[in-house]
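# Residue-level structure breakdown
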Protein chains: 2
Amino acid sequence: MVPGSYQRMVLASRPRGAVTPANFRLETVTVPALQDGELLVRNHYLSLDPYMRGRMSAAKSYAASQALDQTMIGGTVGEVVASRHAGFAVGDAVVGVLGWAEMAVTDGAQLRKVDASKLPLSAYLGAVGMPGMAAWYGLNRIIAPKVGETVVVSAASGAVGSVVGQLARLQGCRVVGIAGGPAKCAYVVDELGFDACIDYKAGKLEADLAAATPDGIDGIFENVGGATLDAALARSNAFGRVALCGLIGGFGGADMAIHNARLLLINRLTVQGFIVTEHMDLWDQGLAQLAELVASGQVKYRETVAHGLAAAPDAFIGLLQGFNFGKQLVKLI
Amino acid sequence: MVPGSYQRMVLASRPRGAVTPANFRLETVTVPALQDGELLVRNHYLSLDPYMRGRMSAAKSYAASQALDQTMIGGTVGEVVASRHAGFAVGDAVVGVLGWAEMAVTDGAQLRKVDASKLPLSAYLGAVGMPGMAAWYGLNRIIAPKVGETVVVSAASGAVGSVVGQLARLQGCRVVGIAGGPAKCAYVVDELGFDACIDYKAGKLEADLAAATPDGIDGIFENVGGATLDAALARSNAFGRVALCGLIGGFGGADMAIHNARLLLINRLTVQGFIVTEHMDLWDQGLAQLAELVASGQVKYRETVAHGLAAAPDAFIGLLQGFNFGKQLVKLI
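Residues numbered from 1 in each chain as written. Chains lettered and ligands numbered in written order. Predicted model: local features only at pLDDT ≥ 70, side-chain atom pairs only at ≥ 80, totals over all residues. Heavy atoms only, no water.

Named according to an unreviewed UniProt entry, chain A is Putative NADP-dependent oxidoreductase YfmJ originating from Duganella phyllosphaerae.

## Thoughts on the relation of the copies chain A and chain B
Overlaying chain A with chain B gives an RMSD of 0.0 Å, the required rotation being 180° about an axis along which the chain moves by 0.0 Å. This pairing of chains is accounted for by a two-fold axis. In this assembly, 100% of the residues forming the interface of chain A have copies in chain B that are likewise at the interface, indicating an isologous arrangement. (Least-squares fit on C-alpha atoms with pLDDT ≥ 70 in both. Contact = heavy atoms within 4.5 Å.)

## Some points on the interface of chain A and chain B
Tallying the contact residues gives 32 residues for chain A and 32 residues for chain B. A buried area of about 2,600 Å², summed over both sides, lies between chain A and chain B, and 58% of it is on carbon and sulfur atoms. Summed over the three residues of chain A that lose the most area to chain B, namely Arg262, Leu265 and Arg268 of chain A, the buried surface amounts to 24% of that side. Linking chain A with chain B are two salt bridges. In this structure, Arg268 of chain B and Glu278 of chain A form a salt bridge, with 2.2 Å as the shortest nitrogen-oxygen distance. The tally of links from chain A across to chain B stands at eight residue pairs in polar contact (both at pLDDT 80 or more). (Buried area = accessible area lost by both parts, 1.4 Å probe. Salt bridge = Lys/Arg side-chain N within 4 Å of Asp/Glu carboxyl O. Polar contact = N/O pair within 3.5 Å; in protein donor to acceptor, adjacent residues only side chain to side chain.)

## Description of the pairing of strand 11 (residues 217-222) of chain B
Residues and elements named next belong to chain B. Taking burial as the measure, the six residues of strand 11 include six buried ones, the bulk of the element. Inspection of the sheet shows strand 8 (residues 150-154) paired to strand 11 by three bridges, in the parallel sense. Bridge pairing links Val153 to Phe221 in strand 11. Bridge count for strand 11 against strand 12 (residues 236-244) is five bridges, and the pairing is parallel. In the sheet register, Phe221 faces strand 12, and the bridge partner there is Ala243. (Buried < 20%, exposed > 50% of the residue type's maximum accessible area, 1.4 Å probe, protein only. Helix = DSSP H or I, 4+ residues; strand = E, 2+ residues; numbered from the N terminus. Pairing = 2+ DSSP bridges.)

## Brief notes about the packing of aromatic side chains
Each pair of aromatic rings is reported with the distance of its centres and the angle of its planes. Residues and elements named next belong to chain A. As enumerated under the stated definition, the model contains twelve aromatic pairs over all chains in all. Between Phe24 and Phe316, the aromatic rings sit 6.4 Å apart at their centres with planes inclined by 85°, giving edge-to-face as the arrangement. Placement of the pair is Phe24 in strand 2 (residues 24-30) and Phe316 in helix 9 (residues 312-320), with a sequence separation of 292 residues. With respect to class, Phe24 is no different from Phe316; both count as buried. Seen from their ring centres, Phe221 and Phe274 are 6.2 Å apart, and the 80° between their planes marks the pair as edge-to-face. Residue Phe221 is found in strand 11 (residues 217-222), and its partner Phe274 is found in the loop between strand 13 (270-273) and helix 8 (283-295); the two are separated by 53 residues along the sequence. Exposure class is identical for Phe221 and Phe274. Each is buried. (Phe/Tyr/Trp six-rings, centres within 6.5 Å; stacked < 30°, edge-to-face > 60°.)

## What about helix 5 (residues 205-212) of chain A?
The periodicity of an α-helix, 3.6 residues per turn, causes residues three or four positions apart to be oriented the same way. Residue and element names in this part refer to chain A. Turning to helix 5, its buried residues number three or more, namely Leu205, Asp208, Leu209 and Ala212. Seen end-on, helix 5 carries its buried residues on one side only, within an arc spanning 100°. Seen from the buried face of helix 5, the exposed residues on the opposite side, beyond 90 degrees, are Glu206 and Ala211. Lining the buried residues of helix 5 we find strand 8 (150-154), strand 9 (174-179), strand 10 (196-199), strand 11 and helix 6 (227-234). (Arc of directions from axis to C-beta.)

## Thoughts on unusual backbone geometry
Residue and element names in this part refer to chain A. Located in the positive-phi region is Asp69, a residue other than glycine, with phi close to 65°. Under the relative-accessibility criterion, Asp69 is labelled partly exposed at 38%. Positive phi, close to 40°, is recorded for Ala144, a residue that is not glycine. Position of Ala144 relative to the elements: it lies in the loop between helix 2 (130-143) and strand 8.

## Looking at helix 6 of chain A
Within helix 6 of chain A, six of the eight residues are buried, leaving the element largely enclosed by the surrounding structure. Along helix 6 of chain A, the positions that sit buried rather than exposed are Thr228, Leu229, Asp230, Ala231, Ala232 and Leu233 of chain A.

## Observations regarding the sheet that holds strand 12 (residues 236-244) of chain A
The mixed open sheet is built from twelve strands, whose spatial order is 10(A)-9(A)-8(A)-11(A)-12(A)-13(A)-13(B)-12(B)-11(B)-8(B)-9(B)-10(B). With partners counted over all chains shown, the strands left at the sheet margins are strand 10 of chain A together with strand 10 (196-199) of chain B, one partner each. Pairwise comparison of adjacent strand axes, ignoring direction, gives a mean angle of 15° for this sheet. Packing against the sheet, helix 4 (residues 182-190) of chain B makes contact with strand 9 (174-179) and strand 10 of chain B, and its axis sits at approximately 170° to strand 10 of chain B. (Axes fitted to C-alpha atoms, helices over the stretch in contact; angles between N-to-C directions.)

Rendered as structure tokens:
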């Protein structure tokens, strides 16, 4: 039974500084009739990710700004509930970018079928989805660590960082996380198996990082930027590599400089920014590996789940402030 | 006729802030008797280079600090005046790192014979020496520009920058230099053939750079750092490459931050620091190309020559302040 209408969340206004709930507006939409080649998806989970903050601004970024009064961009996983598309049948589980919405009509162009019997649907938005691929790409294609090297990961308990560290451990690296608060740090070490985790809120980042990286740092997977990146660069070994995946630390307007750029020269570092959706040719390979590792329990993940689309703005604001623990999702059904 | 003594310049004290003449001390040394396997070189030219400033400090760098009371490190070109080494004969022209000294006894380990009939000896310290190789490596191995791309070079009239720009032009790039003052800029455009040159002293770096790079910037060859690097990063295209060769702008204690690190992510840039002496495997190939291009007039260079070892400290201080025009040398004979 397909409902006649669904809810969606649109961008009502662009944030000035911090994001507020008033930047969003919930709307009710009538489900349109399907045309040939279209299908209707009922989203089970919406993924909330830091990149969305960039889209909310009008400033130049690597992607077009989110248009005002349109459905907020967002990754989703759900099931096909009606189809006039030869490639999709009712009941298919599909991952896509259908936005902050309970349902969506699509031509299927960017939709990927997934195996709902192998892993929980939500995993395809996390460790076996875009965040997992970001971890896989940055670690394997930029840092490319050797056995015995030290890799440092910021936002270590998050959807990306948690996978980075576990993959690096599996490759024989010493892995040091940076996270906010003792609970996240305990999780990172005790459950994810990192060698150490620095609580940046403890106020002695440099000293703690030095103690945890006695042989220096060979690879930095950066999700935060600012003080954590500066501190890690100061511990870098010659020919270190920095995979620049995100700079969530600056979304609130914080200074997002690399204060001692001379370290890049002194240590002959390579710093590379990347966007994982520009490397789709590697997704089949990477996601297959990640699916195996998650299914076998070698890569673990944690989720923070908000319930209902109306809860998405607060959950997103919390994500930007680090209130989530692991992958931040919104359950829609 | 070999003299019985020669002069050398030692590091008398480490600079606190700016380098001063008092940091150096001239000494007279007796020429020692040669042992088997040794040779005596009379240096014709000493090369003055920004990297020497780093060596004068005790702070961690990519190389050991210059020891106090020892001959200042420096590249030299000269001729063999006595030899008990089977590989070198009196009259051989040799390039090496024999320091701020009129003569030196050496075992020849890091000495390279050059063809004094093909090019002026001094060229082997500039366009066909270490600065030329730094240009060659950073441009070809890090920036790797495609035809039609835009390359920006700071310190464009200098020993490294002038070669970078000319090589990039020969590879079909649009080349924009950054230099200090109208005379250097005129030289860069009129004699070296750059498409444009920005005078950073004119006080409107951002606007001038925007006007000179209508298609954005694909490659940055950075010799200075600070404001020029920030300005160039702000004009970067997606997937731009930054070869970080030097940060001479910070030697006087100036801020050496990358202020908007978010640009590295937004534009998916790669920033790579390098030291050309760590890539000796490429020198034969690179220097052979550079020698051909200089001999045929396709790569031009300019020199500023100080006379006599006693003049070296002032010449070096001038180099750090940008008073030189092209390669800074000290003529010793």
